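Examining the three-dimensional arrangement
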Amino acid sequence: MTDRPRSAPMPAVLRQGRPPRDPALAVRCPHCAAAPDMRCTTRAGRARTVRLVPCEARLAAWAAAHAIATAVCPTCQVLPGTPCRTPDGQPHDIHPARLTEAGDAA
């Protein structure tokens, strides 16, 4: 009898056993209230949705959180980690230019 393995070793990519996780699953879904790392559910929260992509609201929430964490806003010139501001210094919703900037960096 030989000490040779019976088959070729499995590549690490196949060994994982599941597809890569969607990064948007890291945030709570504002539409269906699904917890982080859980798939989106129906609005009543009773059943998981059949589709594997998260709700549009969850994708938008993740994009905003990612943009705030990683991109400088070209409109109001705040640093990563700081929410967008109006010219008088008041908090403002995220500027579209910042979302674009974060998308280009990713």
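Provided above is the structure to which this section pertains.
Quick look at the structure, then. (Residues numbered from 1 in each chain as written. Predicted model: local features only at pLDDT ≥ 70, side-chain atom pairs only at ≥ 80, totals over all residues. Heavy atoms only, no water.)

**What about the overall build of the protein chain?**
Assigned secondary structure in the protein chain consists of 3 helices and 0 strands. Sequence-ordered secondary structure for the protein chain, helices as α and strands as β, is α-α-α. Counting the 106 residues in the protein chain, one finds 19% classified as buried. Considering only intrachain contacts with a sequence separation of at least 6, the fraction spanning at least 24 residues in the protein chain is 35%. (Helix = DSSP H or I, 4+ residues; strand = E, 2+ residues; numbered from the N terminus. Buried < 20%, exposed > 50% of the residue type's maximum accessible area, 1.4 Å probe, protein only. Contact = heavy atoms within 4.5 Å.)

**Quick look at the state of the cysteines**
For the coordinates displayed, the defined rule picks out 0 disulfides. Cys 29 takes part in no disulfide bond, and the closest cysteine sulfur, belonging to Cys 32, lies 3.6 Å away. Considering cysteine sulfurs only, Cys 76 is the nearest to Cys 73, which forms no disulfide, with 3.5 Å between them. (Disulfide = S-S within 2.5 Å.)

**Examining the side chain of His 95**
Looking at where His 95 falls in the secondary structure, it is placed in the loop between α2 (56-70) and α3 (96-105). Side-chain polar atoms of His 95 contact the side chain of His 92, separated by 3.4 Å. If we ignore the near neighbours within four places in the chain, the residues touching His 95 are Cys 73, Thr 75, Cys 76, Cys 84 and Arg 85. (Polar contact = N/O pair within 3.5 Å; in protein donor to acceptor, adjacent residues only side chain to side chain.)

**As for unusual backbone geometry**
In this structure, Ala 33 takes a positive phi of about 65 degrees despite not being glycine. In this fold, Ala 33 is placed in the loop between α1 (12-15) and α2. The exposure class of Ala 33 is partly exposed, given its relative accessible area of 49%.

**Here's the deal with the environment of Ala 71**
Looking at the element boundaries, Ala 71 is found in the loop between α2 and α3. Between the C-alpha atom of Ala 71 and that of Gly 81, which follows or precedes it by 10 residues, the distance is 8.2 Å. Once residues within four sequence positions are removed from consideration, Ala 71 is found in contact with His 66, Leu 79, Pro 80, Arg 98, Glu 101 and Ala 102.

**Let's talk about the side chain of Arg 98**
Looking at where Arg 98 falls in the secondary structure, it is placed in helix α3. Lacking a salt bridge, the buried Arg 98 has Glu 101 as its closest oppositely charged neighbour, with an N-O distance of 9.2 Å. There is a polar contact of 2.8 Å between the side chain of Arg 98 and the backbone oxygen of Thr 82. (Lys, Arg positive; Asp, Glu negative; His and termini not counted. Salt bridge = Lys/Arg side-chain N within 4 Å of Asp/Glu carboxyl O.)

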